[in-house]
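Coordinates in review
Each chain is listed here by its residues.
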Protein chains: 2
Amino acid sequence: MARIVMKFGGTSMAGMERIRKVAARVKHEVERGNEVAVVVSAMAGETDRLVGFCKEASPLYDEAEYDVVVAAGEQVTSGLLAMTLKAIGVDARSWLGWQLPIRTSETHSKARIEEIETSALLAAMASGQVAVIPGFQGQMADGRVSTLGRGGSDTSAVAVAAAIKADRCDIYTDVDGVYTTDPRIVSRARKLDMVTYEEMLELASVGSKVLQTRSVALAMKENVRVQVLSSFEEPGDDPEPGTMIVSEQEIEESDMERQLITGIAHDKNEAKIVLTKVPDRPGIVAAIFGPLADASINVDMIIQNVGHSGIVTDVTFTVPRADVARSVDILETEKEKIGFESIITDVEVAKISVVGVGMRSHAGVAATMFKTLADRGINIEAISTSEIKVSVIIDEDETELAVRVLHSAYGLDAEQPVA
Amino acid sequence: MARIVMKFGGTSMAGMERIRKVAARVKHEVERGNEVAVVVSAMAGETDRLVGFCKEASPLYDEAEYDVVVAAGEQVTSGLLAMTLKAIGVDARSWLGWQLPIRTSETHSKARIEEIETSALLAAMASGQVAVIPGFQGQMADGRVSTLGRGGSDTSAVAVAAAIKADRCDIYTDVDGVYTTDPRIVSRARKLDMVTYEEMLELASVGSKVLQTRSVALAMKENVRVQVLSSFEEPGDDPEPGTMIVSEQEIEESDMERQLITGIAHDKNEAKIVLTKVPDRPGIVAAIFGPLADASINVDMIIQNVGHSGIVTDVTFTVPRADVARSVDILETEKEKIGFESIITDVEVAKISVVGVGMRSHAGVAATMFKTLADRGINIEAISTSEIKVSVIIDEDETELAVRVLHSAYGLDAEQPVA
C-alpha cells in the first residue's frame, strides 16, 4: 500500500465527461490498495472567467474579495469530483481550504502555504475515503479565504503530499512527461524517466512549462517524489510511467546510464537590452538594476562587456518581453545618474539552454555548445552559466535550428521519432 | 439611522453592469446614514448551471457535495459586490456562510437556518462597513457547507434581518411590489402599500410568486418588516416605495381605508382528481390520503361530495399537475383497499382565490364570489375556504375572465390602468 496524491489540472476537469474519467483513474488507484488524496484545479477557462469579473468590477480590485471570487472555481470541481467518485462506489469527500485548513501567509492573491492541518484528513484517508482537495486556495489566520496565485494548484498538491508524507505526488498534465526538448521542434526528443529537482527548476525557468517553478522548489525543499504523467490515457489501463522528479541521490542510485546533458530548453519570452558606454565605476551595477528591481522587473542574464577605452563599458541584460517598454522608461529617467550613452533593445532573441546535473563533473559542455552553434553559423549574443546550465542568447529566427543541432550534438536523439 | 437588510436576486446580480447598479443603490442607503447588510443571490442562470453539473455527475448525486458545488454561485457574487462597493468608496466585506457562521440543520440541500452568529457582523456594521452575505448557504454543526433549497436567498435575508434586529428587510425583485392581482391579466390592478404576513402567505401559496412562502412564514414568526420593491429603478433616485409586508396590527394602526379584499390570485399548476363511489365509512380519508402523503404529494383542496345513495360518495381533491400520474399510480395500487369505482382526472383547471384579512369581520365575501362567477356563466367545480381566503376550482379557459370580474366586483380596480 502506498499513500498517493493525484493532481488534475483544468483541462482534465473541464466538464463532467472528463471528470468521470478522472474519477475512474482515481478508482483504479484505490483498487490497487492505495490511500489517495486528489488535488484539483478549476475547470479550464473558469478562473479566467472569474478573474474577468473582478477586472470588470475595478482594475484595482480588492484582493481579499478577489480570493473569495476565484476560489469558487476549485470549490465547484472538488465537489463534483467527490460526488462522481461516490456515484461509482468510491467513498470520497471534499475538503475545502478552510475546512482542513490549509493555513497560508497573509498575502491575498499570492499567499504561500505555511501549514496544513492533517489529522482529520489522515483519519478519513485511513478509513478508505478519498480526500478531494481544491487546489490554489487556503485560509489566512484572520479566517479569510486566500489563494496562491495562478498555477498554484501544483504547489497545493506538493504541499499536501509533503504534509501527509505521501509516497508520491502524481501530477496529471496534457503531456506524458518531461522530454529532452520540445517534441514539436525535435521529433526524436526522448521522454526522460527521471530528472532531478535542480534540473527541473532550470528547465522550468527556461521555458519548459510542465510544472510551476514554485511547486518544484517546494518538492525539492520537502523532498517529495513528483511524477509528471498524462491525463489522456484510458483510466482502465495502468498508466504509462511518466517522468519522476527526484533527488540527485535517488537518480545516482537508480540510473547508471545517465546522460551528461538532460535536456535542451528554449525561451522566446525574453528581450535583450544593451546600455552603451556605461562609466566603469563602483556602484554602477546597483544604479542600473536597483530601479528595475524596485519596479519588480525580473532581470535574468547580465553581461558586462569589457570597455573599449578601458573606462567605459557596455552592459547587456535580458528582461521579459512584456517589461521592455517599462524598463526603457525607468532607465531613461535614471540616465543622468547612470551616465550611459544610449539604450539598444532587441526583442527578436531567444534563450537556448543546455541543462544537466552531469555537467558538474564534466568539462567541455559549454565548449561543445559554442562549437556546435558556430559550425552552423549561429551567432551567440550573450552567455551565462550556472552549475548545471549553460544559456546563450541568439537570434530568434535560429531557435529551432539551434535546438536541433544541440540535441544531436549531446547524443540525445532517440532512435525512433516521437509518434 | 436605521439598520437595513437589502436583498438582491439573480437578475439583479447577472453581470458586472448590474452589480454596479446594485452597488450604487447600496451606497445610496449608506449615505443616508443607515447600517446596511446585503444578501445576494447567484448570477441568474448560475445555480441552474451548477445543478446541471451535479445531475450530470449522477442522478442520485451526493447532497453534501451538491451543497459544496452550488454554494459557489453566491460566494462569487458576494465577493464581486463587496469589491465593487470598495471601488466606489464604500467600505465593505463579504461574510461567507461558514465565516459568520450561519448555522443550519443537518439536512443537506434543504437545510433550515437555526442560528446566525452576529457579534462580528454587528461590530463591522457599527464601524460603517457594509456586510455582504451570500444567500442560500450556511454551515452545519459538523463544519460542512449546507444550502437552503431553491429560492432560499429570500429566507437568508429575512433570517439575517431577524438576527441583527433590522428595522427593515428590503427585497429587490423584478416587480415593484405586490399587486391586487396579476397586472398582465388586469390592467387596472393596483400596487398594495401594505399587506399582512397572513395575506402574503395565502397569495404566495396560490400563485403570486413574489416571495418564497418560507421567507414570509419566517418574517411572520420573527416579526420582520419586509418590503418588496423594484430593482430596476435608477440607483440615484430615492426608490419608489414598494409593498410593506407587516403584522395585522401595524396595518390596522396605519391604514384606515383598508379594502375588504386584498387581492385575487390564480394558479394553473393544480389538477383535479375525482374518486367515484367511495364507500362512506370511517378511516376512508386516511386510506386515500395516507399513501399520497407518504409519496410526498402535496394535496391541496379536498371536497367530499354527499353520496347519492347515502352509503357511497365522490371524493374530489387537487394535487400539483406534475404529480397527477404518480397519484393515479398510487391510488390504483390501493384501489381494493379504498374500494372506489373509478378515477377521473382533469388537468385543465385553475384555482382562483380571493384573499383578505378583512373577510374575517365581514360576511358575504364568498357569496359575492359565487354570484359574480355565476352571472358570467363560470361553473365552480370545487370550493375551499380558510379564515382569510376563498378558493374555487374552475375551467382553466375561464381563468382570466374570472380574475377580471372578481377584481371589479370587490372594488379593486384602479382609476388608471397600469403603465
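Residues numbered from 1 in each chain as written. Chains lettered and ligands numbered in written order. Predicted model: local features only at pLDDT ≥ 70, side-chain atom pairs only at ≥ 80, totals over all residues. Heavy atoms only, no water.

1. As for the confidence of the model for chain A
Looking at chain A, pLDDT values average 90 and 94% of them are 70 or higher. For this predicted complex, the interface confidence comes out at an ipTM of 0.83, alongside a pTM of 0.85. (pLDDT = per-residue confidence, 0-100.)

2. So, the interface of chain B and chain A
The partner chain A presents 39 residues to the 39 residues of chain B that form the contact. Across the chain B to chain A interface the summed buried area is about 3,100 Å²; carbon plus sulfur atoms make up 64%. If you sort the residues of chain B by the area they bury against chain A, Glu-65, Met-83 and Trp-98 of chain B come out on top, with a joint share of 20%. Put simply, chain B and chain A have four salt bridges between them. Across the pair Asp-62 of chain A and Lys-86 of chain B runs a salt bridge whose closest N-O atoms are separated by 3.3 Å. Counting across the interface, chain B meets chain A through 14 residue pairs in polar contact (both at pLDDT 80 or more). (Contact = heavy atoms within 4.5 Å. Buried area = accessible area lost by both parts, 1.4 Å probe. Salt bridge = Lys/Arg side-chain N within 4 Å of Asp/Glu carboxyl O. Polar contact = N/O pair within 3.5 Å; in protein donor to acceptor, adjacent residues only side chain to side chain.)

3. Describing the UniProt feature "binding site: ATP" (unreviewed entry) in chain A
Residue and element names in this part refer to chain A. What UniProt calls "binding site: ATP" (unreviewed entry) maps, in this numbering, to Lys-7, Phe-8, Gly-9, Gly-10, Thr-173, Asp-174, Tyr-179, Arg-184, Lys-209 and Val-210. Assignment of secondary structure puts Lys-7 in strand 1 (residues 3-8). Taking the relative accessible area as the measure of exposure, Lys-7 reaches 7% and is therefore buried. Setting aside chain neighbours within four positions, we find Lys-7 in contact with Val-39, Ser-41, Ser-153, Asp-154, Ala-157, Asp-170, Ile-171 and Tyr-172. One polar contact links Lys-7 to Asp-154, side chain to side chain, over a distance of 2.9 Å. (UniProt positions renumbered as here; feature names shortened; annotations may be inferred. Helix = DSSP H or I, 4+ residues; strand = E, 2+ residues; numbered from the N terminus. Buried < 20%, exposed > 50% of the residue type's maximum accessible area, 1.4 Å probe, protein only.)

4. Let's talk about the relation of the copies chain B and chain A
Overlaying chain B on chain A yields an RMSD of 0.1 Å, the required transformation being a rotation through 180° with an accompanying axial translation of 0.0 Å. Both copies of the chain, as the preceding transformation shows, are related through a two-fold rotation axis. For chain B, the residue whose C-alpha comes nearest the rotation axis is Ala-72 of chain B, separated from it by 2.5 Å. Of the interface residues in chain B, 100% have counterparts in chain A that sit at the interface too, so the contact is made through matching surfaces. (Least-squares fit on C-alpha atoms with pLDDT ≥ 70 in both.)

5. Section: helix 2 (residues 46-57) of chain B
Residue and element names in this part refer to chain B. Over its twelve residues, helix 2 runs 17 Å from end to end, which matches the ideal 16 Å to within 8%, given 1.5 Å per residue. The complete set of buried residues in helix 2 reads Glu-46, Thr-47, Leu-50, Val-51, Phe-53, Cys-54 and Ala-57. Here the buried residues of helix 2 occupy an arc of 150° about the axis, which is enough to place them on one side. (Expected span 1.5 Å × (residues − 1). Arc of directions from axis to C-beta.)

6. A short note on the packing of helix 5 (residues 152-163) of chain B against helix 7 (residues 213-222) of chain B
Residues and elements named next belong to chain B. The geometry of helix 5 relative to helix 7 is characterised by a closest axis approach of 8 Å and an angle of 15° between their N-to-C directions. With respect to their mutual orientation, helix 5 and helix 7 come out roughly parallel. Helix 5 and helix 7 meet at a crossing whose hand is right-handed. Every residue of helix 7 that contacts helix 5 at Asp-154, Thr-155, Val-158, Ala-159 and Ala-162 is listed here: Arg-214, Ser-215, Leu-218, Ala-219 and Glu-222. Broken down by class, the residue content of the contact of helix 5 with helix 7 amounts to five nonpolar, two polar and three charged. (Axes fitted to C-alpha atoms, helices over the stretch in contact; angles between N-to-C directions. Parallel < 35°, antiparallel > 145°, perpendicular 65-115°, else oblique. Left-handed = near helix turned anticlockwise from the far one by under 90°. Nonpolar A, V, L, I, M, F, W, Y, C, P; charged D, E, K, R; others polar.)

7. Focus on the domain arrangement of chain A
In many reports, interface size means the accessible area that the parts give up when they come together. Assigned domains within chain A: domain 1 (3-174 + 194-253) and domain 2 (255-419). A separation of 33 Å is found between the C-alpha centroids of domain 1 of chain A and domain 2 of chain A. (Domains from an automatic or database assignment.)

8. Quick word on the sheet that holds strand 17 (residues 343-346) of chain B
All names here are of chain B. Taking strand neighbours across the sheet as the criterion, the four strands line up as 15-16-14-17 in an open arrangement whose pairing is antiparallel. Of all the strands in the sheet, the pair left with one neighbour each is strand 15 (302-304) and strand 17. Direction aside, the axes of adjacent strands within the sheet are offset by 15° on average. Across four bridges, the pairing between strand 14 (residues 270-279) and strand 17 is antiparallel. Its bridge partner lying in strand 17, Leu-275 is registered against Ile-343. Most of the contacts of helix 9 (residues 284-294) go to strand 16 (residues 312-320), to which it runs at about 20°, and overall it touches strand 14, strand 15 and strand 16. The strands touched by helix 10 (residues 324-333) within the sheet are strand 14, strand 16 and strand 17, with strand 17 carrying the most contacts at an inclination of about 175°. (Pairing = 2+ DSSP bridges.)

9. Some points on the pairing of strand 9 (residues 168-173) of chain B
Residue and element names in this part refer to chain B. Strand 9 sits mainly inside the fold: five of its six residues count as buried. Sheet topology places strand 1 (residues 3-8) next to strand 9; five bridges connect them, and they run parallel. Its bridge partner lying in strand 9, Phe-8 is registered against Tyr-172. Of the pairings in the sheet, the one linking strand 9 to strand 11 (residues 226-230) comprises five bridges and is parallel in character. Paired with Ile-171 across the two strands is Val-228, which belongs to strand 11.

10. Observations regarding the sheet that holds strand 6 (residues 130-134) of chain B
Strands in a sheet are paired, the pairing made by backbone hydrogen bonds, and the direction either parallel or antiparallel. Residue and element names in this part refer to chain B. Strand order in the open sheet formed by eight strands is 3-6-2-1-9-11-12-10, with mixed pairing between adjacent strands. At either margin of the open sheet sits one strand with a lone partner, and together these are strand 3 (92-94) and strand 10 (194-196). Direction aside, the axes of adjacent strands within the sheet are offset by 20° on average. When strand 10 meets strand 12 (residues 243-246), the two strands line up parallel, connected through three bridges. Each bridged residue has a counterpart across the sheet, and for Met-194 the counterpart in strand 12 is Met-244.

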